[in-house]
Amino acid sequence: MQSYEIRQKYLDFFKGKGHTVVPGIPLIPPEDPTLLFTSAGMVPFKNFWAGSGEIPYLRAASCQKCLRAGGKDSDLDNVGFDFRHNTFLEMLGNFSFGDYFKEEAVEFAWEFLMQHLRLPEANLWASVYTEDQDAVEIWKKYLPEKRIVRLGAKDNFWGPAGETGVCGPCSEIYFDRGPAFSCGEVSCAPGCDCERYLEFWNLVFPQFDKNKNGEFLPLKRRGIDTGMGLERITTLCQEAESNFDTDLFQPIIKRLETLSGILYRKDKNTRIAFRAVVDHVRALTFTIAENIIPGNEGRGYVIRRILRRAVQFLDKMKVNQPLLAELVPEVIRIMGPYYPYLSEREGFIRETIAGEEDRFRNLLSESRTLFQGFVTEFKDKTLPGKIAFQLYDTHGLPLDTIKEIAAEKNLFFDEAGFEAEMTRQKAAGRKATSFELIADRSHLTGLSPTRFIGYETGDARALVLAIIPVRNNQYSLVLSETPFYPERGGQQGDVGKISGDGFEFSVQETRVDESGFIHHLGVFHKGIAINNSPVTAKVDIETQQQIAANHTSTHLLHSALLQILGSEVKQAGSLVTPEYLRFDFLFSGEIDAEKLGRVEELINKTVRSNLRVTTAEKEIKEALAENAIALFTEKYGAKVRVVTAGDFSKEVCGGIHLKSTGSIGLCLITSFSSIGQGVKRIEAITGKYAYDSVVKRKKYIAELAEYLKVEPDSIHSEMIRSTEEYRKLETKSNVFFSAYIHQEADKMIKGKKSVAGINLLTTAQSLLSPEEARKLIDYLKKKSSESALLILLSGTEKTQIFLGLTPDLISRGLKANEILRQAAGLLGGGAGGRDDFAQAGLKKRAHLEEVEKILIKILTDTIGKSGA
């Protein structure tokens, strides 16, 4: 049975059992900022069990893409070393929200395994939570009691995800792969870490809500949350040795054999490397397709680490040529039929991986030389954590590489010191937002989420649901309904005022939590609110309108880019504030000023056309059929809000917009940059900010014209004329400067002093720049055939000293940088440079005679000690 058949059989089976088949969400959870990546099938449904609001269905089934790399759910370091772990995986799941419970969950699972997958019953075992006698009794209908194992909370009690929330016992289904896979211990049984008993389906029974006091209260909607990894069940159905010996991985492995010239089964270490590489290429293909680009922080850093780990495994096999991108087509051939967007993104995925791999290989080739420069200083055979962190953070060496090279050099790696530096940096770099500081949200237990009514009005009456202290004098007010749009989809939240009997509250920020409660963050200017009291909520309309102008302009910019640059443009992120808009997009080609000008011109032409902007709620399928732009990295419900600007733009969007494009007034692109491999960024301003910018530019041009004493239209021609005149003067100046240098050099040679057989040539110059001083010393080195130490002073208030040595003095062991460093220390300054030339800066003015005296003493002492 092929993997695609198993996936479809599962969804069809549960659809036949009354489940709604729900599309999976993106790998970045759209509505859960607490997660780095979607790591389980239940992520989209987290609030369905605990909430009291309406839910769209009581039964659901899905095939959810998951990434378990980074964070507490990471499997990254295990991948390759065993037969069952993957970073990217597909989780098959069926869910119940206040509908069926344990009895039906076990019944459905057993029916699917026996009648549809036809697994051998004699190989199946079940584990249950040690205190869950109900689950034991249910399983006894299907399995002999000797194959029902009781395990503790570590193995068979799920959650909560944080300190509080949904949790409950679980039951896991195992497959006995036989004694050949056993660790050989007498105690070997389900729950053992060896390869004999493969856990492949987890049936979780969410039935408790743990509160801050540690009490396990009954859930409002107890239910079912199951997860079965497609990779593991395919391993069993295909009677494969490992996940990597199934149709999900074998074609990629065979392609890697062809490209590398190495056989997968050559030896144990080769199998480990192959498994890691092909797993990581799958993960990279899916993440980059969803615009998660390798970077230096957050999710991007995790993706970069996955790619670099793959390259390191290739290096261990002595595969030195870049080839990860060449494996992508095989991944897409396997996965593309179920995930068609992969084919559309193939070019971008391959280009991103190839560029990143090439850069990392260059870094690796340089890293050993760089590392060697650090390790020569260590005499106790220890690589200090602080130095290791500097290599990691400043120079970009991966931690694994640092450890490997340390081992090569027989150095002990101070991991504790490294972790301490990492913790210190994170603590210094992270400042929690007010919203993140609302740790205790127990005030909201049992309440219905806030109803948003901001599309219809900016002024509304509501009831106070909760008043939550945040920090200092800041609070979060949660209302029964609100006209305040919360920050989401890149749009900044509304600001404004909430007032009631005896109090006034200034809303400085509006956010929404994962349960749908909208938090109005701000301060009380007068009095304090009371729970369940009526209030008036008023949005600052002027600020909201400017946000709306920037949001509507973002849509126009997106459409203009598509028209000017082509369909390769894909949105990668956006930010909409009152002051400006930022739009990140994927595009591999070059964008010159002419193309950028055409984009801006097209936007403003659309603004002047004053197109009507309309919104409509539609089925997602209908919206896509009408060619509405929708981001596959967003989670959409069955119905979506479509924002249309005439016949120019149509996007699925939940944000606040203007009623017509003419209300934008003017849109100006203020900056364009490349922020990563194939990722571009445009920033723009609109409305009064654009007008203010034009006025400022107009004033600047007028001032410049006045300074140049020309009309504004003649500024360009005057600048060309002035530049040509400057070049002519510069040529004349260089002639005069050359003559001046020759003259000053002759003076210094005539006035030379001899100390211990060395000629001192000195001068004090107040007008020479550092570059000109170097030129004078270089000329003197060529002109002087005798041993010479050249001293030049420059500056009026603070003195700079320049010191040069002729080659024969350097061959005698003298070094300009060491000599001048000693002198600068005595004169109150610092110095640096090379053996033949050094430069010092003093904090005060020094006289030539004083500097000469100090340098003569240092020179005499140095020669006396060395015998030079």
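Numbers given to residues run from 1 along each chain, matching the order in which its sequence is written. Local features in a predicted model are, by the rule used here, given only for residues with pLDDT of at least 70; side-chain atom pairs are given and counted only at 80 or more, and totals for whole chains, interfaces and linings are based on all residues. The side-chain figures draw on all heavy atoms in the structure; neither hydrogens nor water molecules are used.

Novice: Talk me through the overall build of the protein; I want residue IDs and the actual numbers.
Specialist: When you go through the protein residue by residue, the secondary structure sums to 24 helices and 34 strands. For the protein, the spread of C-alpha atoms along the three principal axes comes to 110 × 70 × 55 Å. Throughout this description, buried means an accessible area under 20% of the type-specific maximum (1.4 Å probe, protein chains only), exposed means over 50%, and partly exposed covers the range between. For the protein, the residues scored as buried account for 50% of the 868 residues in total. Sequence-distant contacts in the protein: of pairs separated by 6 or more residues, those separated by 24 or more amount to 67%. For the accessible areas, the method is Shrake-Rupley and the probe is 1.4 Å, while residue cover comes only from the protein chains on display. Carbon and sulfur atoms form 50% of the exposed surface of the protein, whose accessible area is close to 41,500 Å². For this count, His and the chain ends are skipped, Lys and Arg are scored as positive, and Asp and Glu as negative. Lysine's charge is taken at NZ, arginine's at CZ, aspartate's at CG and glutamate's at CD. Computing the positive centroid from 111 side-chain charges and the negative centroid from 116, the protein places the two 3 Å apart. By the criteria applied, helices consist of DSSP H or I runs no shorter than four residues and strands consist of E runs no shorter than two, each listed in order from the N terminus. Here a residue-residue contact requires only that any non-hydrogen atoms of the pair lie within 4.5 Å.

Novice: Any chance you could break down the sheet that holds strand β26 (residues 649-652) for me, citing the residues and the numbers?
Specialist: Strand pairing is defined by DSSP finding a minimum of two bridges between the two strands. The antiparallel open sheet is built from 3 strands, whose spatial order is β24-β25-β26. At either end of the open sheet lies a strand with only one pairing partner, and these are β24 (613-619) and β26. Strand-to-strand, the axes of this sheet are offset by a mean angle of 25 degrees, without reference to chain direction. The sheet contacts of helix α16 (residues 541-565) involve β24, β25 (639-645) and β26, and relative to β26 the element is tilted by about 115 degrees. Every axis corresponds to a line fitted to the C-alpha atoms, with the helix fit spanning only the stretch in contact, and the corresponding angles, defined between N-to-C directions, vary from 0 to 180 degrees.

Novice: Any chance you could break down the packing of aromatic side chains for me, citing the residues and the numbers?
Specialist: Between 30 and 60 degrees the pair is tilted, below 30 it is stacked and above 60 it is edge-to-face, where a pair is any two Phe, Tyr or Trp rings, Trp via its six-membered ring, whose centres lie within 6.5 Å. Evaluated as defined, the whole model comprises 40 aromatic pairs. Judged by centre distance (5.5 Å) and plane angle (75 degrees), the rings of Trp125 and Tyr197 are edge-to-face. You can see Trp125 sitting in strand β4 (residues 124-129) and its partner Tyr197 sitting in strand β8 (residues 197-204), a full 72 residues away along the chain. Just as Trp125 is buried, Tyr197 falls in that class too.

Novice: Which residues make up the sheet that holds strand β21 (residues 534-539), and what values do they have?
Specialist: Within the closed barrel, the 6 strands sit side by side as β15-β16-β20-β19-β18-β21. Their pairing is antiparallel. For this sheet, the mean inter-axis angle between neighbouring strands, taken without regard to orientation, is 45 degrees. In this structure, strand β15 (residues 459-471) lies alongside strand β16 (residues 474-479), joined through 6 bridges in antiparallel fashion. Looking at the pairing, Val464 lines up with Leu479 of β16.

Novice: Give me the lowdown on the packing of helix α7 (residues 250-260) against helix α8 (residues 268-289), citing residues and values where you can.
Specialist: To describe two helices that pack against each other, one gives the angle between their axes and the distance between the axes. Contact geometry for α7 and α8: axes closest at 10 Å, N-to-C directions at 115 degrees. As judged from the angle between their axes, α7 and α8 are roughly perpendicular. Relative to α8, α7 is oriented so that their crossing is right-handed. Along its contact with α7, which presents Ile252, Ile253, Leu256, Glu257 and Ser260, the element α8 presents Phe274, Val277, Val278 and Arg282. An angle counts as roughly parallel when it lies under 35 degrees, as roughly antiparallel when it exceeds 145, as roughly perpendicular when it falls between 65 and 115, and as oblique in every other case. Handedness of a crossing follows from how the near helix is turned relative to the far one, being left-handed for an anticlockwise turn of less than a right angle and right-handed for a clockwise one.

Novice: Provide a residue-level description of the nonpolar core, including the pertinent values.
Specialist: By nonpolar core we mean a set of buried residues, namely Ala, Val, Leu, Ile, Met, Phe, Trp, Tyr and Cys, connected to one another through side-chain atoms within 4.5 Å. Core analysis: the biggest nonpolar cluster contains 114 residues, and Trp139, Phe200, Trp201 and Ile233 have the highest contact counts within it. Per-element accounting of this core gives the leading share, 12 residues, to α8. The residues contacting Trp201, other than those within four sequence positions of it, are Tyr10, Phe14, Asn94, Ala109, Phe112, Leu113, Ser171, Glu172, Ile173, Thr226, Gly227 and Met228.

Novice: Talk me through the environment of Ala572; I want residue IDs and the actual numbers.
Specialist: One can find Ala572 in strand β22 (residues 570-576). The class of Ala572 is partly exposed, set by a relative accessible area of 31%. Taking the C-alpha atoms as reference points, Ala572 and Arg681, 109 residues apart in sequence, are found 9.3 Å from one another.

Novice: How would you summarise the pattern of salt bridges if you had to cite specific residues and measurements?
Specialist: When their charged atoms lie close together, side chains carrying opposite charge are able to pair. Think of a salt bridge as a Lys or Arg side-chain nitrogen and an Asp or Glu carboxyl oxygen that are within 4 Å of each other. A complete count under the given rule lists 37 salt bridges for this structure. Note that Glu346 and Arg350 form a salt bridge whose closest N and O atoms lie 3.7 Å from each other. Here Glu346 and its partner Arg350 are both found in helix α12 (residues 346-375), 4 residues apart, which amounts to about one turn of the helix. Taking the relative accessible area as the measure of exposure, Arg350 reaches 27% and is therefore partly exposed.

Everything listed is a geometric property; what it means functionally is a separate question.
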